[in-house]
Amino acid sequence: MDRRCFLVLLLAGCADPSANLVPTVSPMPPVPTPQQPAPAAPPTQSGDMTFDEWARDFYMRAVKAGLPPALLDRELAGLTPDPRVNSLDTRQPEFAKPFGDYIKGVVSEDRVAIAARRKPALAPTLAQIEDRYGVPGDILMAIWAMETGFGAVMGDFDVVRSMATLAAQGRRRAFAEDQLMAALRIIGSGEFPRDRLRGSWAGAMGQTQFIPTSFLATAVDGDGDGRRDVWGSAPDALASAANLLAKGGWQRGQGWAREVILPEGFDYSLTEGPRETPDWWAQLGVRRADGLPWSSGDQGSKAMLIAPTGAQGPCFLLFPNHFVIRKYNNATTYALGVGLLADRFGGMGPLVKPWPYESALSLGDRIVTQRALAQLGFDPGQPDGVVGVNTRTALRNWQKSRGLTADGYLSQDMVSRLKAEANIL
């Protein structure tokens, strides 16, 4: 029998060998490709519908991002929001702590004494770290002191649960989900189990408080044991902080800031403005408060002038390394506190010009000030009660237009003047 005919008859189920015509056979339908079952979200029994809905959605996106379903099943199943995190995230203090009070609390004699006791044992490690990354040991010690009290208070929050809580809440969802993904990758890699990922309510971990993404990107082994244990190893934590600052642009051999004295009649509207060399500022009468010459490293650097408590308080020239510290925590108070504390650890004395007495401003005062500035034609941005760069710039412009010292400092007197001019009760 013809081979082709035989195959056709066989496929058609025809066994009659006497058939003279080859029947027409429809083509076989394509064999369906087996479909991978879609992963099912872990059981969510928190009782919080918003959280459970977010968890199911995040699970699917995490799988698409490459996280193993088995890892997600284990770490997310039964997860519940942490009410402590929600409370801390939404809490806004009624009164803002005055700048000078914050710095005086940071640069404490207790911290200086603790650093003096601990530095001798750490001196070889700090020297090795500075040689490798260029970041002075006193800066690292100051970060260590401010973040966790030299490793004494690292936080006891479950980072996975904290980040899930923040993400579900929605206010900082992108940030929290990035940190949650990173935390799950740390766990999935086997580097550290979840019970070691303890930290602050906002996800910062270890003795120098690394968020999970920063841990993955910049944590290093500082003691040579093959692990990046920022919780249990001070050398690892300090070297990791140095690596973060080095990657952030730390300039080896340069300072961070210096207290300066301004001449009578100085134009304070230049604060938070141009970045120029010390020689440029000297032509305007700005000089170092301690009377010492500028180092060769600082001489060629461009610095910005700030007067954080106005014309009555100390002023500073901020060099590029100050702004690198702010990549660790983007607040002028934090970076100034780290630098001043580091100076004290290095043997420098207190500031030449003391911090003035300041009244704490209420949230209502700060918001009404922003409303008044906007009403008077000086845009401070959204009236949120945060006295940031936009508000200070608007305040300086208003002060200058009214013949006042344009230092951008919001005192109780400025609040009263603005409310009266804008006719806000």
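Residues numbered from 1 in each chain as written. Predicted model: local features only at pLDDT ≥ 70, side-chain atom pairs only at ≥ 80, totals over all residues. Heavy atoms only, no water.

## So, the side chain of D407
Inference 1: Within the secondary structure, D407 is located in the loop between helix 17 (389–401) and helix 18 (412–422).
Inference 2: Of the side chains with opposite charge, R396 comes closest to the buried, unpaired D407, at an N-O distance of 7.2 Å.
Inference 3: A polar side-chain atom of D407 sits 3.1 Å from the main-chain amide nitrogen of Y409.
Inference 4: Residues in contact with D407, not counting those within four places in the same chain, are Y268, T271, A307, G310, A311, R396 and Q399. (Helix = DSSP H or I, 4+ residues; strand = E, 2+ residues; numbered from the N terminus. Buried < 20%, exposed > 50% of the residue type's maximum accessible area, 1.4 Å probe, protein only. Lys, Arg positive; Asp, Glu negative; His and termini not counted. Salt bridge = Lys/Arg side-chain N within 4 Å of Asp/Glu carboxyl O. Polar contact = N/O pair within 3.5 Å; in protein donor to acceptor, adjacent residues only side chain to side chain. Contact = heavy atoms within 4.5 Å.)

## Looking at the nonpolar core
Inference 1: Counting residues in hydrophobic clusters, the biggest one holds 84 residues, and the most contacted among them are W54, I139, L197, F215, L245, L336 and F345.
Inference 2: Excluding residues that lie within four positions of it along the chain, F345 makes contacts with R111, V112, A115, K119, D138, M141, A142, A145 and F150. (Core = buried A, V, L, I, M, F, W, Y, C linked by side-chain atoms within 4.5 Å.)

## Digging into the confidence of the model for the chain
Inference 1: Scored by pLDDT, the chain comes out at a mean of 90, with 89% of its residues at no less than 70.
Inference 2: Low confidence marks residues 1–34, where pLDDT is under 50. Its contacts with residues over four positions away, or in another chain, come to ten contacts. (pLDDT = per-residue confidence, 0-100.)

## Observations concerning the sheet that holds strand 7 (residues 303–306)
Inference 1: Ordered in space as 5-7-8-4-6, the five strands form an open sheet in which the pairing is antiparallel. Two strands bound the open sheet, and with one partner strand each, they are strand 5 (275–276) and strand 6 (287–288).
Inference 2: Summarising the sheet, strand 5 and strand 7 pair through two bridges and their orientation is antiparallel. Pairing of E276 across the sheet is with A303, part of strand 7. (Pairing = 2+ DSSP bridges.)

## Overview of the packing of aromatic side chains
Inference 1: Taken as a whole and judged by the stated rule, the model has 13 aromatic pairs.
Inference 2: Between the aromatic rings of W54 and F58, the centroid separation amounts to 5.1 Å while the plane-to-plane angle is 20°, which identifies the pairing as stacked. One end of the pair, W54, and the other, F58, are both in helix 2 (residues 49–64), four residues apart, so they sit about a helical turn from each other.
Inference 3: In this structure F58 comes out as buried when scored by relative accessible area, which is 0%.
Inference 4: Plain terms: the ring middles of W294 and F319 are 5.5 Å apart, the flat faces sit at 70° to each other, and that makes the pair edge-to-face. Pair noted here: W294 is in the loop between strand 6 and helix 13 (296–299) and F319 is in the loop between strand 8 (315–318) and helix 14 (320–325), with a separation of 25 residues, a long-range link.
Inference 5: Relative accessible area serves as the criterion here: at 0%, F319 is assigned to the buried category.
Inference 6: Note that R288 overlies the ring of W294, its terminal NZ or CZ placed 5.1 Å from the centroid. (Phe/Tyr/Trp six-rings, centres within 6.5 Å; stacked < 30°, edge-to-face > 60°. Lys NZ or Arg CZ within 6 Å of the ring centre and 35° of its normal.)

## Section: the packing of helix 8 (residues 159–169) against helix 9 (residues 173–189)
Inference 1: Close contact between helix 8 and helix 9 brings their axes to 8 Å; oriented N to C, the two are set at 155°. Classified by the angle between their axes, helix 8 and helix 9 sit roughly antiparallel to one another. Where helix 8 crosses over helix 9, the handedness of that crossing is left-handed. Contacts between helix 8 and helix 9 involve V159, V160, M163, A164, L166, A167, A168 and Q169 on the former and, on the latter, R173, F175, A176, E177, Q179, L180, A183 and I187.
Inference 2: Taken together, the residues of the contact of helix 8 with helix 9 sort by class into twelve nonpolar, two polar and two charged. (Axes fitted to C-alpha atoms, helices over the stretch in contact; angles between N-to-C directions. Parallel < 35°, antiparallel > 145°, perpendicular 65-115°, else oblique. Left-handed = near helix turned anticlockwise from the far one by under 90°. Nonpolar A, V, L, I, M, F, W, Y, C, P; charged D, E, K, R; others polar.)

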